[in-house]
Amino acid sequence: MSANNLVIRNLHVAVDGKEILKGINLTIEEGKIHAIMGPNGSGKSTLAYTLAGHPRYEVTEGEVWYKGQDVLDLEPNDRSKLGLFLAFQYPVAVAGVTVANFLRAALNAHRAQEGVDPKSTAIPMAEYRKVIKSRMDMLEMAPDFARRYLNEGFSGGEKKRLEILQMAMLQPSISIMDETDSGLDIDALKIVAEGVNKVKAEKPELGVLVITHYQRLLNYIKPDYVHVLMNGQIVREGGPEMALELEEKGYDFIREEVFGNAS
Amino acid sequence: MPANLQSTFDVAQFEALLASRNEPEWLTSRRREAWQAFETAEQPDWRRTNLKGFNIADYTLAEAEVSVEFAGAEGVTILPLAEAIQSHAELVQRVLGSAVQTSRDPYSALNNALVNGGLFIHVAKDVAVEELVRIRYHVAKAGTIVAPRTLIVTERHSSINVIEEISSADFDASAVVLTGVEIEVGDGGQVNFSSVQTLNNNVYVLGSQQIRINRDAQAEWLNVVVGSAVQHVTLEANLSGNGSSVNWNGLLYGNGKQNLLVAPKLNHIGLNTEGQINFKTVVDDEAYAVFDGMVKIPATGQGTNSDLRENALHLSKTSRSDSIPGLEIDANEVKAGHGSTSGQIDEEQLFYLQSRGLPFAEAKRTIVLGFVGEIIDMIPDEAVRERVETIVAEKV
Ligand SMILES: Nc1ncnc2c1ncn2[C@@H]1O[C@H](COP(=O)(O)OP(=O)(O)OP(=O)(O)O)[C@@H](O)[C@H]1O
Ligand SMILES: [Mg+2]
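Residues numbered from 1 in each chain as written. Chains lettered and ligands numbered in written order. Predicted model: local features only at pLDDT ≥ 70, side-chain atom pairs only at ≥ 80, totals over all residues. Heavy atoms only, no water.

1. Here's the deal with unusual backbone geometry
Residues and elements named next belong to chain A.
- Of note in the backbone geometry, Asn10 takes a positive phi value of approximately 45° without being a glycine.
- For Asn10, the location among the structural elements is in strand 1 (residues 6–15).
- Of note in the backbone geometry, Asn151 takes a positive phi value of approximately 60° without being a glycine.
- Residue placement: Asn151 occurs in the loop between strand 8 (149–150) and helix 6 (156–170).
- When its relative accessible area of 2% is taken as the criterion, Asn151 is described as buried. (Helix = DSSP H or I, 4+ residues; strand = E, 2+ residues; numbered from the N terminus. Buried < 20%, exposed > 50% of the residue type's maximum accessible area, 1.4 Å probe, protein only.)

Written out as structure tokens, the structure is:
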């Protein structure tokens, strides 16, 4: 098995003392697209946040490995530098911090090396301007976006687009997209999905974990695998056809099969 | 324990000041009155300003170094206050003492007794001045007490932008600044006034500022406070004229042992006046900052539209801030909102920035600089803004 797979073993996670994830086993393969589907409250975001290192989520058992590193041992910023990216379901607003300045700081943080003067590794301004412009063009974002404060007063769709802009700038090797499709209209959904596909085309080794409720997104970002998360556990796994089946039948039939009765 | 202030400041210094100035009788008698009020007063009972160890007897009267940068414009008069006392006696007599009121507290009285420098700015009617007037009062030496005063009077339909910085050399012992800003905005005119305090962390600042805004006139007011050991400054915007308005922003940033207080008071006196207050506070280490605000809408203030916002950020467990947003309404047709928040850095924001690769310390720094940046960005002079940014960058 490749060290460039992200391997999750028997992951148990509690929030405020309540167990939410109850033994997740999942491998996100290098270069593959995985979709996670599951009802509200099943633990999808919990899994996403835990992988990104949110301090509120307490890992009570299990392990996560990526590129030979014990991910759970790393600070959130080091996970980012390792190549992990989370597109938030609910992106956070930060007043007074412009998109452009923030993204430059993030890029420079990625380029920084221990014991080396950060000035010498920082991206030159001219180069940065070129990169951000091309990425914003790709996502059809107006230039004044870059001068706005991070998510401050952004519409739901704008926030999601900004998440993908960040992903396109940081070029992760594992991207977790938590309901990036919610809040997007059809046109925006296409643009965002194409953006993701372009990033993936540039970097074929990119592994993607798409969390979604809708087959719609999966028409554009075609999954290799679909996993169903219910009640803190992965209860089903299959190919892309499973997303269609779920859309058609809902989750109840799985719930009945797995837990015996529809609750 | 309130101690009598009698003879804590050398009367000979006061007499020498009087003797050195050939001032009109009204001013001399005002000074004597103020001196008397100071001398017979007791130490003020300020619960939120720490004057422990502060002894006015330790200081020698001196003048602040004054610098003015302004190319000059038709209809604009800028004079040292001492000259304006002679040449614009009537205006000076009317405005001097409007903010710094002898009856307010003993240090206001002392301020009026000792005022010994400063500037007078007058704008004739119908004159709109584009260029920013840059004033700087600089305290050069430790052990001194300076009392500069800024007076601005604009006639109707005129406008001007002024920035005043109070700065000091980087000395280790303390000094005292008795400040005063007294502004009158003529009918239909506009004054934009920015006050920026970048004193070193050993200086005491005591004083008052007031803007009186006449009929249909406007003011943009900015108060940025990043320096000093102890600051106690009252601020007053009087929306005296019908249809007048003020947009008022401020920042207090304290760290170390700084004790910074502003007491902004917004008086909606005229009909249909509009006022917005938006102050931000950051405290770190053992600093203590106070926003002692008050919005007053008397019975005359029908049609008032008022809003007060104050947000405080605590960066350490041992730092403190008090926010006292008072509201007194005696008119019935008014809109008045206020909100204040205080708390630590938002964990979700921290995580969001960290998740993009920013190390914890940098994420924190980014959030703090963003929080204060909204106000700092309003400083209209680049050099002053950069000085403030440097001071803030060292604090974070
Ligand atoms: N801070 C918290 N305190 C208590 N319970 C929490 C907390 N955060 C999440 N939970 C609970 O954890 C469960 C899983 O939440 P999570 O956000 O992971 O669900 P989800 O699958 O992403 O749902 P959705 O589809 O609605 O986004 C829910 O029952 C939720 O209420
Ligand atoms: Mg979720």
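Here the narrative resumes, following the displayed structure.
2. Considering the site of ligand 1
All names here are of chain A.
- Residues in contact with ligand 1 amount to 15 residues; listed here are only the nearest, Gly41, Lys44, Ser45, Thr46 and His213.
- One nitrogen or oxygen atom from the side chain of Lys44 is found 2.8 Å from an oxygen atom belonging to ligand 1.
- With respect to ligand 1, the side chain of His213 contributes an N or O atom lying 2.9 Å from an oxygen atom.
- Counting residues per element, the shell around ligand 1 draws most heavily on helix 1 (residues 44–52), which supplies three residues. (Near = heavy atom within 4 Å. Polar contact = N/O pair within 3.5 Å; in protein donor to acceptor, adjacent residues only side chain to side chain.)

3. A closer look at the confidence of the model for chain B
- Summing up the model confidence of chain B, the mean pLDDT is 96 and the portion of residues at 70 or higher is 98%.
- Predicted complex metrics record ipTM = 0.96 and pTM = 0.90. (pLDDT = per-residue confidence, 0-100.)

4. Quick word on the sheet that holds strand 6 (residues 84–87) of chain A
Residues and elements named next belong to chain A.
- Read from one edge to the other, the open sheet built from six strands follows the order 6-9-10-3-11-12, with strand pairing classed as mixed. Lying at the two open borders of the sheet, with one neighbouring strand each, are strand 6 and strand 12 (233–238). Across this sheet, the average inter-strand angle for adjacent strands is 20°, counted without regard to direction.
- When strand 3 (residues 33–37) meets strand 11 (residues 225–230), the two strands line up parallel, connected through four bridges. Bridge assignment links Ala35 to a residue of strand 11, and that residue is Val226.
- Here helix 6 sits on the sheet and contacts strand 6 and strand 9 (174–178); the angle it forms with strand 6, its principal contact strand, is near 165°. (Pairing = 2+ DSSP bridges. Axes fitted to C-alpha atoms, helices over the stretch in contact; angles between N-to-C directions. Contact = heavy atoms within 4.5 Å.)

5. Concerning the pairing of strand 5 (residues 128–139) of chain B
- One ladder, built from five bridges, connects strand 2 (residues 65–69) of chain B with strand 5 of chain B; its direction is antiparallel. In the strand pairing of strand 5 of chain B, Glu69 of chain B is matched with Arg134 of chain B.

6. Notes on the interface of chain B and chain A
- The interface is formed by 20 residues belonging to chain B together with 32 residues belonging to chain A.
- Where chain B abuts chain A, roughly 2,000 Å² becomes buried across the two surfaces, and 63% of that area is made up of carbon and sulfur atoms.
- The largest per-residue losses of area from chain B upon contact with chain A belong to Phe351, Tyr352 and Arg356 of chain B, which jointly make up 40% of the total buried on that side.
- Across the contact surface, chain B and chain A share two salt bridges.
- Between the two partners, chain B and chain A, sit 13 residue pairs in polar contact (both at pLDDT 80 or more).
- For the side of chain B that touches chain A, the secondary-structure elements that each account for two or more residues are helix 6 (347–354) and helix 7 (360–376) of chain B.
- Per-element tally for the side of chain B that touches chain A: the top contributor is helix 6 of chain B, with seven residues.
- In terms of residue class, the side of chain B that touches chain A is made up of seven nonpolar, six polar and seven charged. (Buried area = accessible area lost by both parts, 1.4 Å probe. Salt bridge = Lys/Arg side-chain N within 4 Å of Asp/Glu carboxyl O. Nonpolar A, V, L, I, M, F, W, Y, C, P; charged D, E, K, R; others polar.)

7. Concerning the coordination of the magnesium ion (ligand 2)
Residue and element names in this part refer to chain A.
- Ser45 (OG) and Gln89 (OE1) make up the full set of protein donors to the magnesium ion (ligand 2), lying at 2.0 to 2.1 Å. Within this pair, whereas Ser45 is found in helix 1, its partner Gln89 is found in the loop between strand 6 and strand 7 (94–98), the two being separated by 44 residues in sequence.
- Overall, Ser45 belongs to the buried group, its relative accessible area being 18%. (Donors = N, O, S within 2.8 Å, 3.2 Å for Na, K, Ca; no water.)

8. Re the UniProt feature "domain: ABC transporter" (unreviewed entry) in chain A
- Here the UniProt feature "domain: ABC transporter" (unreviewed entry) sits at residues 6–256 of chain A.
- This span, residues 6–256 of chain A, is 39% helix and 28% strand, and a straight line between its end C-alpha atoms measures 30 Å. (UniProt positions renumbered as here; feature names shortened; annotations may be inferred.)

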